[in-house]
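Examining the three-dimensional arrangement
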Amino acid sequence: MQTCDFLVIGAGVVGLTIARELTYRYPDVRIVVIDKEKLPAQHASGRNSGVLHSGIYYTADSLKARFTRNGNLAWQEYCSERGLYIDNCGKLVLPRNRDELEGLYQLEQRGKQNGVEVHLLDHKQVLEIEPRARIYEQALFVPSTSTVDPLELIRSLEDEFKNSGGTIHYDCKFISCKSGNIVQAVHERFSAGYIINCAGLYAEQVAQAFNFAQDYLMLPFKGVYLCSCNEKLKRPGMHIYPMPDLNNPFLGVHFTRTVDGKLKIGPTAFPALWREHYKGIGGFKLNEFFRIAGIELKLLFNNSNGFRKLAWQELRKQWKSKLIQEAQSLLRGTERMEFDLWGRPGIRAQLLDVKSGKLEMDFVLEGDNRSMHVLNAVSPAFTSAIPFAAHVVNEVERRNN
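The structure presented is a predicted model; accordingly, all values stated were derived computationally and were not measured.

What counts and how
Residues numbered from 1 in each chain as written. Predicted model: local features only at pLDDT ≥ 70, side-chain atom pairs only at ≥ 80, totals over all residues. Heavy atoms only, no water. Salt bridge = Lys/Arg side-chain N within 4 Å of Asp/Glu carboxyl O. Helix = DSSP H or I, 4+ residues; strand = E, 2+ residues; numbered from the N terminus. Phe/Tyr/Trp six-rings, centres within 6.5 Å; stacked < 30°, edge-to-face > 60°. Buried < 20%, exposed > 50% of the residue type's maximum accessible area, 1.4 Å probe, protein only. Pairing = 2+ DSSP bridges.

What follows covers the pattern of salt bridges. Summed over the entire model, instances satisfying the criterion amount to 23 salt bridges. Among the salt bridges present, the one from arginine 25 reaches glutamate 397, with a minimum N-O distance of 3.0 Å. Taken together, the positions of arginine 25 in helix 1 (residues 13-25) and glutamate 397 in helix 10 (residues 381-399) put the pair 372 residues apart, joining distant regions of the chain. For glutamate 326, the salt bridge identified is with lysine 322, shortest N-O distance 4.0 Å. Here the residue glutamate 326 and the residue lysine 322 both occupy positions in helix 9 (residues 320-328), the gap between them amounting to four residues, near one helical turn. Salt bridges sharing common partners tie together Arg20, Glu81, Arg82 and Glu160.

Shown next as structure tokens:
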């Protein structure tokens with residue numbers, strides 16, 4: 001049996017930034033990270049779009065607003081200090097009708113309330129920076145939105161943690177926890193002073209082994225981008241987004257500048273039928289299928305969170321023509337960009353309150369003086385990771401005082 005002061009479950013961006021924060025605060029203690037995969041960030045973190053969001057979408061009283069704004073700044077500083085890739089390209093948000101224009105003004109106010117630099121542009125100003133943009137009177141430009149290489153950041157976090165004396169065990173899946181914080185994992189047992197659960201798609205299952213997350217279920221949503229095959233056509237100089245439905249956790253079909261100099265549109269956000277439902281029947285688990293599919297059918301029947309409309313909208317995006325059609329509402333000449341190749345799919349771990357039937361829209365933590373469980377770290381969790389890690393460790397310290 002191995003002993004450690006802190007055991008972190010999950011080597012995605014949330015787990016690694018929390019481990020990093022622990023090494024800063026407790027440089028002389030033993031910190032261990034375990035992950036069921038053979039490499040770090042094999043799920044949401046490693047399949048991330050690489051967009052560093054700004055924090056304009058969220059109400060000022062939410063954790064997302066604060067952590068996204070501060071996280072954007074923290075990652076920019078992190079990349080600058082370590083010479084990592086970052087494209088400070090900004091983002092253009094385009095309304096398509098009168099109702100969306102009113103929403104754009106609300107978005108501008110949220111940005112200002114959250115301390116994010118935003119610029120309301122008129123028709124002429126928009127065309128100066130993107131002549132192909134389809135404009136309904138005005139648009140919003142957000143200069144702090146950037147692009148990074150997620151895997152480069154993950155490798156940097158991993159190296160930094162190991163160089164600070166931390167230990168990572170891969171191919172080490174959490175199995176159970178017994179009294180005295182004895183954790184049984186595949187091939188290993190750990191006696192941990194404190195446990196922090198960052199298991200992503202499986203976070204609520206791990207938490208239930210500690211008698212937390214009793215009313216929660218993780219709903220997986222599959223996201224896929226469509227990539228441009230025409231590298232000769234000039235790409236937009238910034239990310240281009242539609243005005244989203246602010247009551248919906250998804251941001252709509254948009255144009256993303258990638259780290260390799262290419263362009264993609266998407267993503268889809270279709271309800272998946274099991275947790276690792278990336279492609280075909282890979283990762284299929286019968287018990288997950290019945291549990292998750294049953295809940296999704298119930299949400300469709302009850303239309304909780306407008307789930308019926310959301311599911312139908314996302315189902316239509318499974319066809320390339322529909323995805324391209326939505327992108328065309330933002331940018332003229334989209335069809336000439338030859339969007340024809342599906343990218344690597346990702347799964348968004350979205351927490352559902354089973355009793356109320358509502359999707360949790362903000363970060364959710366549960367814990368005590370033995371363990372802490374990160375139950376809902378949805379987008380923009382990658383952007384928010386550094387300040388969110390500090391928040392989690394603050395909560396751990398509060399529960400142990």
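Here we take up the packing of aromatic side chains. Evaluated as defined, the whole model comprises 13 aromatic pairs. Measuring from centroid to centroid gives 6.2 Å for tyrosine 57 and tyrosine 58, while their planes differ by 70°, and the two rings are edge-to-face. Note on accessibility: tyrosine 57 and tyrosine 58 belong to one class, buried. Plain terms: the ring middles of tryptophan 274 and phenylalanine 284 are 4.9 Å apart, the flat faces sit at 90° to each other, and that makes the pair edge-to-face. Of this pair, tryptophan 274 sits in the loop between strand 18 (270-271) and helix 7 (286-302) while phenylalanine 284 sits in the loop between strand 18 and helix 7, and the two are ten residues apart along the sequence.

The three strands lie next to each other as 3-8-4, forming an open sheet whose pairing is antiparallel. Edge positions in the sheet fall to strand 3 (51-52) and strand 4 (86-87), since each has one partner strand and no second. Bridge count between strand 4 and strand 8 (residues 146-148): two bridges; the pairing is antiparallel. When the bridges of strand 8 are listed, aspartate 87 appears paired with threonine 147.

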